[in-house]
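Per-entry structural report
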Amino acid sequence: MVQAWYMDESADDPRLPHRTEPARPVGLEQLRRLGVLYWKDQITALRGFRCLRARMRVSKGQKLLPELKPGSPCRLVLLRVLDADKYENDPELEKIRNERNYSWMDIITICRDKLPNYEEKIKTFYEEHLHLDDEIRYILDGSGYFDVRDQDDRWIRIFMEKGDLITLPAGIYHRFTLDEQNYVKAMRLFVGDPVWTPYNRPADHLEARGQYLRFLAQST
Ligand code: KMT
(Lines give C-alpha, C1' and ligand atoms only; values in the text may rest on other atoms or scores of the structure.)
Protein backbone atom coordinates (compact mmCIF):
# COMPACT_ATOMS: atom_id res chain seq x y z
CA MET A 1 0.00 0.00 0.00
CA VAL A 2 0.88 3.63 -0.14
CA GLN A 3 3.55 4.72 2.32
CA ALA A 4 2.55 8.16 3.53
CA TRP A 5 2.73 9.90 6.90
CA TYR A 6 2.52 13.23 8.70
CA MET A 7 5.85 15.01 8.86
CA ASP A 8 7.66 16.19 11.94
CA GLU A 9 8.71 19.81 12.34
CA SER A 10 12.43 19.20 12.33
CA ALA A 11 14.66 21.32 10.11
CA ASP A 12 17.01 18.40 9.41
CA ASP A 13 17.98 17.28 5.93
CA PRO A 14 14.74 17.04 3.90
CA ARG A 15 15.95 13.75 2.39
CA LEU A 16 15.37 12.03 5.74
CA PRO A 17 11.92 10.47 6.27
CA HIS A 18 10.72 13.04 8.85
CA ARG A 19 8.11 10.79 10.42
CA THR A 20 6.37 12.13 13.51
CA GLU A 21 6.81 10.17 16.71
CA PRO A 22 4.60 8.30 17.23
CA ALA A 23 4.11 7.75 13.53
CA ARG A 24 0.88 9.03 11.97
CA PRO A 25 0.38 7.08 8.76
CA VAL A 26 -1.88 8.37 6.02
CA GLY A 27 -3.94 6.09 3.79
CA LEU A 28 -5.15 6.17 0.21
CA GLU A 29 -8.59 7.35 1.27
CA GLN A 30 -7.23 10.43 2.98
CA LEU A 31 -5.07 11.22 -0.04
CA ARG A 32 -8.08 10.80 -2.30
CA ARG A 33 -10.00 13.34 -0.23
CA LEU A 34 -7.18 15.80 -0.91
CA GLY A 35 -7.54 15.05 -4.62
CA VAL A 36 -4.29 13.08 -4.71
CA LEU A 37 -4.53 9.92 -6.79
CA TYR A 38 -2.03 7.14 -6.38
CA TRP A 39 -1.41 3.86 -8.14
CA LYS A 40 1.10 1.25 -7.17
CA ASP A 41 2.23 -1.81 -9.06
CA GLN A 42 -0.63 -2.83 -7.23
CA ILE A 43 -2.65 -5.24 -5.21
CA THR A 44 -6.16 -3.97 -4.75
CA ALA A 45 -8.27 -5.13 -1.86
CA LEU A 46 -11.75 -6.28 -2.72
CA ARG A 47 -14.21 -7.42 -0.13
CA GLY A 48 -16.15 -10.55 -0.92
CA PHE A 49 -13.55 -12.47 -2.87
CA ARG A 50 -12.35 -15.67 -1.29
CA CYS A 51 -9.56 -18.03 -2.10
CA LEU A 52 -9.05 -16.81 -5.66
CA ARG A 53 -5.36 -16.83 -5.05
CA ALA A 54 -5.32 -20.60 -4.79
CA ARG A 55 -5.67 -20.85 -8.55
CA MET A 56 -4.05 -17.57 -9.48
CA ARG A 57 -0.72 -17.66 -11.19
CA VAL A 58 1.58 -14.94 -10.03
CA SER A 59 3.57 -13.88 -13.02
CA LYS A 60 6.78 -11.89 -13.19
CA GLY A 61 6.43 -8.41 -11.84
CA GLN A 62 3.43 -9.18 -9.70
CA LYS A 63 3.78 -9.03 -5.98
CA LEU A 64 2.05 -10.79 -3.15
CA LEU A 65 1.44 -9.04 0.11
CA PRO A 66 4.18 -10.37 2.36
CA GLU A 67 1.79 -12.04 4.77
CA LEU A 68 -0.01 -14.02 2.03
CA LYS A 69 1.21 -17.25 0.54
CA PRO A 70 -0.27 -18.67 -2.67
CA GLY A 71 -3.12 -20.94 -1.73
CA SER A 72 -3.89 -19.32 1.58
CA PRO A 73 -7.46 -18.10 2.07
CA CYS A 74 -7.73 -14.44 1.37
CA ARG A 75 -10.04 -11.63 0.47
CA LEU A 76 -7.74 -9.97 -2.00
CA VAL A 77 -7.33 -10.13 -5.70
CA LEU A 78 -4.63 -8.67 -7.86
CA LEU A 79 -6.34 -6.28 -10.19
CA ARG A 80 -3.96 -3.95 -11.90
CA VAL A 81 -0.26 -4.30 -12.23
CA LEU A 82 1.88 -1.50 -13.53
CA ASP A 83 5.29 -2.68 -14.60
CA ALA A 84 7.89 0.06 -14.53
CA ASP A 85 10.34 -2.16 -16.44
CA LYS A 86 8.11 -2.17 -19.50
CA TYR A 87 6.83 1.37 -19.37
CA GLU A 88 7.30 1.73 -23.14
CA ASN A 89 4.74 -0.96 -23.81
CA ASP A 90 2.62 -1.51 -20.72
CA PRO A 91 -1.12 -2.04 -21.38
CA GLU A 92 -1.97 -1.07 -17.78
CA LEU A 93 -0.16 2.24 -18.11
CA GLU A 94 -1.85 2.77 -21.48
CA LYS A 95 -5.21 2.20 -19.83
CA ILE A 96 -4.57 4.85 -17.19
CA ARG A 97 -3.22 7.26 -19.80
CA ASN A 98 -6.27 6.78 -22.00
CA GLU A 99 -8.78 6.96 -19.15
CA ARG A 100 -7.27 10.16 -17.82
CA ASN A 101 -6.13 11.75 -21.05
CA TYR A 102 -2.46 11.79 -20.11
CA SER A 103 -1.43 12.31 -23.71
CA TRP A 104 2.02 13.85 -23.29
CA MET A 105 5.06 12.32 -21.59
CA ASP A 106 8.79 12.64 -21.15
CA ILE A 107 11.35 11.20 -18.75
CA ILE A 108 13.36 13.11 -16.18
CA THR A 109 16.33 11.74 -14.27
CA ILE A 110 17.12 13.60 -11.09
CA CYS A 111 20.63 13.02 -9.82
CA ARG A 112 23.75 15.14 -9.66
CA ASP A 113 25.37 13.72 -12.81
CA LYS A 114 22.32 13.67 -15.04
CA LEU A 115 20.26 16.78 -14.36
CA PRO A 116 21.57 20.10 -15.68
CA ASN A 117 21.57 22.81 -12.95
CA TYR A 118 21.02 20.08 -10.38
CA GLU A 119 21.40 22.20 -7.22
CA GLU A 120 19.14 24.93 -8.49
CA LYS A 121 16.48 22.46 -9.67
CA ILE A 122 16.51 20.54 -6.41
CA LYS A 123 15.93 23.81 -4.57
CA THR A 124 13.06 24.73 -6.88
CA PHE A 125 11.40 21.34 -6.46
CA TYR A 126 11.49 21.71 -2.66
CA GLU A 127 10.03 25.24 -2.55
CA GLU A 128 6.39 24.99 -1.58
CA HIS A 129 4.44 25.70 -4.77
CA LEU A 130 1.40 24.89 -6.84
CA HIS A 131 0.69 24.44 -10.54
CA LEU A 132 -2.25 25.43 -12.70
CA ASP A 133 -2.48 21.83 -13.94
CA ASP A 134 -2.28 18.38 -12.42
CA GLU A 135 1.24 17.10 -11.72
CA ILE A 136 1.53 13.46 -12.79
CA ARG A 137 4.62 11.40 -12.12
CA TYR A 138 5.36 7.72 -12.67
CA ILE A 139 8.50 6.46 -10.95
CA LEU A 140 10.59 4.23 -13.19
CA ASP A 141 13.60 3.86 -10.93
CA GLY A 142 14.97 5.19 -7.65
CA SER A 143 12.73 6.97 -5.16
CA GLY A 144 11.80 10.26 -3.54
CA TYR A 145 9.17 12.11 -1.55
CA PHE A 146 6.23 14.24 -2.59
CA ASP A 147 4.96 16.38 0.28
CA VAL A 148 1.42 17.75 0.11
CA ARG A 149 -0.55 20.01 2.46
CA ASP A 150 -3.63 18.52 4.03
CA GLN A 151 -6.87 20.45 4.61
CA ASP A 152 -5.44 21.87 7.86
CA ASP A 153 -2.20 22.93 6.20
CA ARG A 154 -0.09 20.13 7.70
CA TRP A 155 2.53 18.37 5.62
CA ILE A 156 1.91 14.80 4.51
CA ARG A 157 4.90 13.00 3.03
CA ILE A 158 4.33 10.40 0.30
CA PHE A 159 7.12 7.96 -0.43
CA MET A 160 7.39 7.23 -4.14
CA GLU A 161 9.41 4.36 -5.52
CA LYS A 162 9.68 2.33 -8.70
CA GLY A 163 6.23 1.44 -10.05
CA ASP A 164 4.33 4.21 -8.22
CA LEU A 165 2.23 6.69 -10.14
CA ILE A 166 0.80 9.82 -8.57
CA THR A 167 -1.43 12.68 -9.63
CA LEU A 168 -1.35 15.88 -7.60
CA PRO A 169 -4.31 18.10 -8.40
CA ALA A 170 -3.91 21.61 -9.80
CA GLY A 171 -3.86 24.14 -6.97
CA ILE A 172 -2.53 21.90 -4.18
CA TYR A 173 0.53 23.20 -2.33
CA HIS A 174 3.29 20.63 -2.59
CA ARG A 175 7.02 20.04 -3.01
CA PHE A 176 9.40 17.26 -3.98
CA THR A 177 12.70 16.02 -2.59
CA LEU A 178 14.99 13.14 -3.33
CA ASP A 179 15.56 10.74 -0.45
CA GLU A 180 18.92 9.43 0.75
CA GLN A 181 19.41 7.45 -2.48
CA ASN A 182 19.79 10.78 -4.29
CA TYR A 183 18.37 9.31 -7.46
CA VAL A 184 15.05 9.10 -9.19
CA LYS A 185 13.98 8.49 -12.77
CA ALA A 186 10.41 9.46 -13.47
CA MET A 187 7.97 9.73 -16.34
CA ARG A 188 6.27 13.12 -16.43
CA LEU A 189 2.79 12.93 -17.89
CA PHE A 190 0.53 15.77 -18.90
CA VAL A 191 -2.91 16.43 -20.33
CA GLY A 192 -2.10 18.34 -23.55
CA ASP A 193 0.97 20.54 -23.97
CA PRO A 194 3.06 20.62 -20.81
CA VAL A 195 3.46 23.71 -18.65
CA TRP A 196 5.73 23.24 -15.67
CA THR A 197 5.55 26.74 -14.15
CA PRO A 198 5.63 26.55 -10.33
CA TYR A 199 3.85 29.31 -8.37
CA ASN A 200 5.52 29.55 -5.01
CA ARG A 201 3.39 30.06 -1.94
CA PRO A 202 1.61 32.42 -1.42
CA ALA A 203 -0.33 31.89 -4.62
CA ASP A 204 -3.83 32.05 -3.18
CA HIS A 205 -5.00 34.63 -5.70
CA LEU A 206 -4.79 32.13 -8.55
CA GLU A 207 -7.97 30.63 -9.95
CA ALA A 208 -6.48 27.12 -9.73
CA ARG A 209 -6.07 27.63 -5.98
CA GLY A 210 -9.65 28.86 -5.59
CA GLN A 211 -10.92 25.88 -7.53
CA TYR A 212 -8.88 23.48 -5.42
CA LEU A 213 -10.17 25.04 -2.19
CA ARG A 214 -13.74 24.64 -3.46
CA PHE A 215 -12.96 21.00 -4.24
CA LEU A 216 -11.56 20.51 -0.71
CA ALA A 217 -14.60 22.13 0.88
CA GLN A 218 -16.96 19.57 -0.70
CA SER A 219 -14.59 16.59 -0.58
CA THR A 220 -15.76 13.79 1.69
C1 KMT B 1 8.59 18.59 -10.46
O2 KMT B 1 8.12 19.24 -11.42
O3 KMT B 1 8.31 18.90 -9.29
C4 KMT B 1 9.44 17.46 -10.77
O5 KMT B 1 9.51 17.09 -11.89
C6 KMT B 1 10.19 16.81 -9.69
C7 KMT B 1 9.63 15.54 -9.30
S8 KMT B 1 9.81 14.26 -10.50
C9 KMT B 1 9.86 12.83 -9.55
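Model, not experiment: these values are computed from the prediction.

Rules used throughout
Residues numbered from 1 in each chain as written. Predicted model: local features only at pLDDT ≥ 70, side-chain atom pairs only at ≥ 80, totals over all residues. Heavy atoms only, no water. Phe/Tyr/Trp six-rings, centres within 6.5 Å; stacked < 30°, edge-to-face > 60°. Helix = DSSP H or I, 4+ residues; strand = E, 2+ residues; numbered from the N terminus. Buried < 20%, exposed > 50% of the residue type's maximum accessible area, 1.4 Å probe, protein only. Lys NZ or Arg CZ within 6 Å of the ring centre and 35° of its normal. Near = heavy atom within 4 Å. Polar contact = N/O pair within 3.5 Å; in protein donor to acceptor, adjacent residues only side chain to side chain. Areas by Shrake-Rupley, 256 points an atom, 1.4 Å probe, with all protein chains shown as cover. Nonpolar A, V, L, I, M, F, W, Y, C, P; charged D, E, K, R; others polar. 1 Å grid on protein atoms, 1.4 Å probe; cavity = no way out; pocket = protein on both sides within 12 Å on 5 of 7 lines; lining within 4 Å. Points joined across faces, edges and corners; volume = space filled by probe spheres on them. UniProt positions renumbered as here; feature names shortened; annotations may be inferred. Contact = heavy atoms within 4.5 Å. Pairing = 2+ DSSP bridges.

Before going further, it helps to examine the packing of aromatic side chains. All chains considered together, the criterion is met by 7 aromatic pairs. Relative to Trp196, the ring of Trp104 lies with its centre 5.7 Å away and its plane at 65°, an arrangement referred to as edge-to-face. Of the two residues, Trp104 sits in strand 5 (residues 104-110) while Trp196 sits in the loop between strand 11 (184-190) and strand 12 (199-200), which places them 92 residues apart along the sequence. For Trp104, a relative accessible area of 26% puts it in the partly exposed group. An aromatic cluster is built from Trp5, Tyr145 and Phe159, whose rings are joined through pairwise contacts. Across from the ring centre of Trp155, 3.9 Å away, lies the NZ or CZ of Arg175, which sits over that ring. One cation-aromatic arrangement involves Arg188 over Trp196; the distance from NZ or CZ to the ring centre is 4.2 Å.

Let's shift gears to the site of the ligand. Taken together, Ile110, Phe125, Glu135, Arg137, Phe146, Phe176, Ala186 and Arg188 make up the full set of residues adjacent to the ligand. Glu135 has a polar side-chain atom sitting 3.2 Å from an oxygen atom of the ligand. Here an oxygen atom of the ligand sits 2.8 Å away from a polar atom, N or O, in the side chain of Arg137. Bound to the protein, the ligand loses 96% of the 290 Å² it would expose on its own. Here the shell around the ligand takes 3 residues from strand 7 (residues 135-149), the largest share from any one element. When its residues are assigned to classes, the shell around the ligand shows 5 nonpolar, no polar and 3 charged.

A word on empty space enclosed by the protein. One pass over the structure, following the stated rule, counts 1 cavity of 30 Å³ or more. Put simply, the largest cavity is a space of about 50 Å³. Forming the walls of the largest cavity are His131, Asp133, Asp134, Glu135, Arg137, Phe190, Val195 and Trp196.

Those residues carrying the UniProt feature "binding site: Ni(2+)" (unreviewed entry) are His129, His131, Glu135 and His174 in this numbering. For this annotated set, covering 46 residues, all C-alpha atoms fall within 11.5 Å of each other, a compact arrangement in space. Considering only the residues just annotated, the largest cavity is lined by His131 and Glu135. Side-chain polar atoms of His129 contact the backbone oxygen of Glu127, separated by 2.6 Å. Here Glu135 shows up in strand 7. For Glu135, a relative accessible area of 9% translates into the label buried. Apart from residues no more than four positions distant in its own chain, Glu135 is found in contact with His129, Phe146, Ile166, Thr167, Leu168 and His174.

Most of strand 8 (residues 155-161) sits inside the fold, with 6 of its 7 residues counted as buried. Bridge count for strand 1 (residues 3-6) against strand 8 is 4 bridges, and the pairing is antiparallel. In the sheet register, Ala4 faces strand 8, and the bridge partner there is Ile158. For strand 7 and strand 8, the ladder comprises 7 bridges, and the chain directions are antiparallel. Within the sheet, the bridge partner assigned to Val148 lies in strand 8 and is Ile156. Hairpin connection from strand 7 to strand 8: 5 residues lie between these consecutive antiparallel strands, with Asp153 at a positive phi of about 70°.

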